[in-house]
Amino acid sequence: MPLLKGEHLSEWVRIQARSKRNYVWLDVYGQGKPKITGAPWYMPDGVTSVYPFIEDWRPEELPFPVWLAPYNGGRTYGDMLWTGGITLKIASTRFIEALCAAEVTGYRTFDVEVRDHAGSPVEGYTGFATAPSPASDIQNLYDQTGQNYAFIATRRVVEALHDHGADQLDISPYTPD
């Protein structure tokens, strides 16, 4: 659903990356990453799984570098990038600037390396995670305690994103199940 200024929205909305085929979908890559999706990925010791370090985004604890790169044929880089089955959220600089300008609360950022189809660096993206408190503008989806590919935010967040041109997102009314 495109983001339209002044559109009638409930107080809370659900926000996530666009996942249409023409949009880039990222996966995490690094030493020893299996080519088969869903196969175990171990550290050099052959025992310790890499995935918990990826899910909590603690790449500095891995003995090798990791990066994100497309795993589909999409060419459009949105304001958030789809990361498939993992819970990492990747946001554009424009997205983060909008949140900073509006003094939005309930999130944190972290460094990530994004590469294109050819393996070249893609500038202008950072990691994004929810870090909600009871009164923050951004909250976890369905009151979950951990990260998810989507999150909920107040209408004020949507207006800030729109005002900064960060509109390549999927935004829909939030209705908890």
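Here the structure is shown first, and the text comes after it.
This is a predicted model, so every value here is computed, not measured.

Here is what the cut-offs are and how they apply
Residues numbered from 1 in each chain as written. Predicted model: local features only at pLDDT ≥ 70, side-chain atom pairs only at ≥ 80, totals over all residues. Heavy atoms only, no water. Helix = DSSP H or I, 4+ residues; strand = E, 2+ residues; numbered from the N terminus. Contact = heavy atoms within 4.5 Å. Pairing = 2+ DSSP bridges. Axes fitted to C-alpha atoms, helices over the stretch in contact; angles between N-to-C directions. Salt bridge = Lys/Arg side-chain N within 4 Å of Asp/Glu carboxyl O. Buried < 20%, exposed > 50% of the residue type's maximum accessible area, 1.4 Å probe, protein only.

S.K.: Summarise the overall build of the protein; cite the residues concerned and give the values.
M.R.: Helix and strand counts for the protein come out as three helices and ten strands. Helices (α) and strands (β) of the protein occur, in sequence order from the N terminus, as β-β-α-β-β-β-α-β-β-β-β-α-β. Dimensions of the protein along its principal axes, counting C-alpha atoms only, are 50 × 35 × 30 Å. Counted over contacts in the protein with a minimum sequence separation of 6, partners at least 24 positions apart contribute 66%.

S.K.: Kindly report on the sheet that holds strand β10 (residues 170–173), identifying the contributing residues and their values.
M.R.: Across the sheet, which stays open at both edges, the four strands sit in the order β8-β9-β1-β10 with antiparallel pairing between neighbours. With partners counted over all chains shown, the strands left at the sheet margins are β8 (138–140) and β10, one partner each. Between one strand axis and the next, the sheet turns through 35° on average, direction left out of account. Each of β1 (12–16), β8, β9 (151–154) and β10 is contacted by helix α3 (residues 155–163), which is oriented at about 90° to β9, the strand it contacts most.

S.K.: Just give me the short version of the pattern of salt bridges, but keep the residues and values in it.
M.R.: Here the structure, examined in full by the defined rule, presents seven salt bridges. Residue Arg115 is joined to Glu113 by a salt bridge in which the shortest nitrogen-to-oxygen separation is 2.7 Å. Since its relative accessible area comes to 32%, Glu113 is described here as partly exposed. Of the charged contacts, one joins Arg155 and Glu159 as a salt bridge, the two residues approaching to 3.0 Å between their closest N and O atoms. Here Arg155 pairs with Glu159, and both are found in helix α3, just four residues apart, close to one helical turn. Its relative accessible area of 37% is what places Glu159 among the partly exposed residues.

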